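Notes for the structure review
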Amino acid sequence: MNSLRTASATALIIALLGSAAATITLKAGAAPPDARPLRLARPGTLVVVDAQNTRVHQRTRQGEDLGTGPECRRAAVAAGTLVCLHGLPGPFSSEVRVYRRDATEPEVTLPVWGKPSRARVSPSGRLVAWTVFRSGDSYAASGQFSTTAGIYDLRDGHHYGSLEDFTVTADEPVPTEGRNFWGITFAADDRTFYATMSVNGRTHLMRGDLSRRSLTALRANVECPSLSPDETRIAYKKKVGADWRLHVLDLRTGRDTPLVAPAGIDDQAAWLDDTTVAYARAEHGKPFVYAVPADGTGKPVRLAEGSSPTITTSPR
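For clarity, every value in this text was computed on a predicted model and none was experimentally measured.

Another point: the overall build of the chain. Along the chain, the regular secondary structure elements total one helix and 25 strands. Counting only residues that meet the buried cut, the chain has 53% of its 316 residues in that class. If you take every contact in the chain between residues at least 6 apart in sequence, the share linking residues at least 24 apart comes to 47%. By element, 50% of the accessible surface of the chain is carried by carbon and sulfur atoms, the whole surface being about 13600 Å².

Here it is in structure tokens:
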């Protein structure tokens, strides 16, 4: 990593750790007073970001509205924890806000440098992850964006910084400069995770180990992975020609299954259960959430208007 980027990243992490030392409570972006609050501990409900007001909405899989939450550009939920990427003006142009159970105010707020892109919560609700688009990195061409992905531990307040600082193992040399990471997804052990790494114009599926601060390349041409609840498969988008197509990779056999979904889906898919994958797709200027079987059969079913879908699970 070149000196300019290292200095910027170090300053950013210091600021983040200082902000994370105490819980920051903000009333901005709270749900309207007449809205029903989120019930994050209720399992099996769909959480999406509404396209009209950028608020989190909780619905049944049949479409019944259950509650309204904070303003978010990206959101994700698991085990009673909601992570919200909230866009802001200025150099620290986003905040990671974390809500627990039925709270209407964030338990933790972290400033991050970049525009909201992806968000995830570990199955236990202990770890939250985010990806932001950044500009101004010295290796990037003028006008281009890079990405930064980070992880925060809610149990002990540990900030893991950027994945760019992790040790990378791959079959080919990976230059430190120009690596980008995004689309984190967690295993249940609160140690193992998967993410995308892009370098030299190629994307790779990476398996991460938080305790060792390491990343190992597993497979090329994998973007925005999403680990299944049984941890045997990864739903992801794959570049086929000029388009992204949704696929499911079996981690045990290496078998790759294309899903019956339209081309051009630019989203991190989410598992609704062990047999169903959800994703968001723009139509006529509006995003809609669809569900599709994970085995390559069937056809997409529209669930709701909105984006950034995830499913609620029971707190542990």
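Let us look at the sheet that holds strand S4 (residues 74–78). Spatially, four strands are ordered S4-S5-S6-S7 in an open sheet, and the strand pairing comes out antiparallel. If you trace the sheet from one side to the other, it starts and ends with S4 and strand S7 (108–112), each paired once. In this sheet, adjacent strand axes meet at a mean angle of 15° when their direction is disregarded. Relative to strand S6 (residues 94–100), strand S5 (residues 81–87) runs antiparallel, the two being bridged by seven bridges.

Looking now at the confidence of the model for the chain. Taken residue by residue, the chain gives an average pLDDT of 87. The fraction at 70 or more is 85%. When the criterion is pLDDT under 50, residues 1–28 qualifies, and its contacts beyond four places in sequence or with other chains add up to 51 contacts. This model gives residues 137–143 a pLDDT under 50, and the stretch forms 11 contacts once residues within four places in sequence are excluded.

Looking now at the packing of aromatic side chains. Tallied over the entire structure, the rule returns two aromatic pairs. Measuring from ring centre to ring centre gives 6.2 Å for phenylalanine 166 and phenylalanine 193, while their planes differ by 80°; the resulting arrangement is edge-to-face. Taken together, the residues phenylalanine 166 in the loop between strand S11 (159–162) and strand S12 (167–169) and phenylalanine 193 in strand S14 (residues 192–199) connect sequence positions 27 residues apart. Both rings, one in tyrosine 279 and one in tyrosine 290, keep their centres 5.9 Å apart while their planes meet at 15°; by these two values the pair is stacked. Note that tyrosine 279 is positioned in strand S22 (residues 276–283) and tyrosine 290 in strand S23 (residues 286–293), a separation of 11 residues in sequence.

Take threonine 257: it is sitting in strand S20 (residues 256–258). For threonine 257 and alanine 294, which are 37 residues apart along the polypeptide, the C-alpha to C-alpha distance reads 8.3 Å. Residue contacts for threonine 257: discarding those within four places in its chain leaves Leu246, His247, Val248, Asp295 and Gly296.

How each quantity is defined
- Residues numbered from 1 in each chain as written.
- Predicted model: local features only at pLDDT ≥ 70, side-chain atom pairs only at ≥ 80, totals over all residues.
- Heavy atoms only, no water.
- Helix = DSSP H or I, 4+ residues; strand = E, 2+ residues; numbered from the N terminus.
- Buried < 20%, exposed > 50% of the residue type's maximum accessible area, 1.4 Å probe, protein only.
- Contact = heavy atoms within 4.5 Å.
- Areas by Shrake-Rupley, 256 points an atom, 1.4 Å probe, with all protein chains shown as cover.
- Pairing = 2+ DSSP bridges.
- Axes fitted to C-alpha atoms, helices over the stretch in contact; angles between N-to-C directions.
- pLDDT = per-residue confidence, 0-100.
- Phe/Tyr/Trp six-rings, centres within 6.5 Å; stacked < 30°, edge-to-face > 60°.

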